[in-house]
Amino acid sequence: MRAIRRQRPAPSSGGPPGDPASAGLRGLPRPVAAVVGAGGVLGAAHVGVGHALEQRGFVPDMIIGTSVGALNGAIAAAHPDRAAPWLDHVWTRLRRREVYPLGYLSSRASVFTDRGLRRLIARAGLPPRIEQLAIPFTAVAMDLVTGAAVLLDEGDLESALLASAAIPGMLPPVDRGGRTLVDGGVIAYVPVRAALQAGAASVVVIATGPESSPPSPVGPRRRAGAIAARAGLLLLHHQIERDLHEVAGHIPTVVLPTGIGDWPAPWDFGHSQRLINTASVTAGRFLDGLRVSGPGLYRVDAPPAVSAGPEHASTTSTGGVDL
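Numbering of residues begins from 1 in every chain and follows the order in which that chain's sequence is written. Local features in this predicted model are restricted to residues of pLDDT 70 or higher, and side-chain atom pairs are both shown and tallied only at a pLDDT of 80 or more, whereas totals for entire chains, interfaces and linings draw on every residue. Only heavy atoms go into the side-chain values, all of them from the structure, while hydrogens and water stay out.

(A) Representation of the confidence of the model for the chain within the structure. What pLDDT reports is the predictor's confidence in each residue, on a scale of 0 through 100. The pLDDT averaged across the chain works out to 80; a share of 77% of its residues lies at or above 70. The helix and strand labels rest on DSSP assignments: H or I over at least four residues marks a helix, E over at least two residues marks a strand, and numbering proceeds from the N terminus. Mean pLDDT across the secondary structure elements of the chain bottoms out at strand S11 (residues 316–322), with 30, and peaks at strand S4 (residues 137–143), with 98. Contact criterion: two residues are considered in contact whenever any of their non-hydrogen atoms come within 4.5 Å of each other. Across residues 8–22 the pLDDT falls below 50, and counting only partners more than four positions away or on other chains, this stretch makes 26 contacts in the model. This model gives residues 302–323 a pLDDT under 50, and the stretch forms 62 contacts once residues within four places in sequence are excluded.

The structure is reproduced here in structure tokens:
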């Protein structure tokens, strides 16, 4: 059993010890933001975590998403009580060619077109404007000229989702409001700072992928591709840790585990059901043992390594270990 670890302890903002209001999700100060990170195909794990949250009656006051997390987050914002089953249906049937169709030979902006994403958005039952979503929602993108994070919380929803998911070089940039926008994961892979900026008093982080876990020690890399991949992994991991610790110094920051140690390739949609099942069980067990007592970083002490189905998922318990 692994302990839930709270880092950066601070004076409690919840009830007295033993007060049921300090237990789990009920102990989170309002407004609480659900923060959904990037990850491409690994966003299937978002669906499993969403199942666990819905089963426990959790409805956030706002949703902040980056890249695929923006798409999943927008669907959750549109259908707050029934998003997980719909997403489960979509993710378990997706294939690479549907999401990343090859672009025209004359295109120089990206390898793939955004036709697949446009079709996916059109089938999601979303309103045309962000303001029409049932839960306040923000998609995070990056300004390709200035490098600044751009928070899209009003206006056309489709262009906001396309911009947030526009992986540089892979999908075309989006011109919106006089800016050229690309994937928000470049600047805010897990957009907790945007949640703090939006006025959240606590956050529940739905992050996926190997970038969210401590990188495993490896020997020297000899091939160019492996070197680039390792450097990119370390860059994203340090960005995530920096942002999590910054926000956790101000408000309770809960990072939900997925229990997944064996991640598929970013373009391999064939593992979606495994990711969903494993994340649902692992996040649910974590939530059942969660206790919140003021600002800090609440997460599993060490990420479990799981390569099979949910029956092998590691669980969590409340060890109350404060550092």
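Now, onward.
(B) Focus on the nonpolar core. Among buried residues, those of type Ala, Val, Leu, Ile, Met, Phe, Trp, Tyr and Cys that are joined through side-chain atoms within 4.5 Å constitute a nonpolar core. Each residue is assigned to one of three classes by its accessible area relative to the maximum for its type, calculated with a 1.4 Å probe on protein chains only: buried under 20%, partly exposed between the two thresholds, exposed over 50%. Counting 63 residues, the largest nonpolar core has Leu126, Phe137, Leu161 and Leu256 as its most contacted members. Look past the residues within four positions of Leu161 in its chain and what remains in contact with it is Ala70, Leu71, Ala74, Ile121, Leu126 and Phe137. By size, the runner-up hydrophobic cluster in this structure holds 24 residues, among which are Ala194, Val203, Ala207 and Ile240.

(C) Layout of the pattern of salt bridges. A carboxyl oxygen of Asp or Glu within 4 Å of a side-chain nitrogen of Lys or Arg is what we treat as a salt bridge. Within the structure shown, the criterion is met by 10 salt bridges. Asp61 is the salt-bridge partner of Arg30, the closest N and O atoms lying 2.9 Å from each other. You can see Arg30 sitting in the loop between strand S1 (2–7) and strand S2 (32–36) and its partner Asp61 sitting in the loop between helix H1 (44–55) and strand S3 (62–66), a full 31 residues away along the chain. What makes Asp61 partly exposed here is its relative accessible area of 30%. One salt bridge connects Arg179 with Asp143, and the closest N-O pair in it is separated by 3.1 Å. Pair noted here: Arg179 is in strand S7 (residues 179–183) and Asp143 is in strand S4, with a separation of 36 residues, a long-range link. The exposure class of Arg179 is partly exposed, given its relative accessible area of 37%. Among the residues examined, Asp143 registers a relative accessible area of 5% and is labelled buried.

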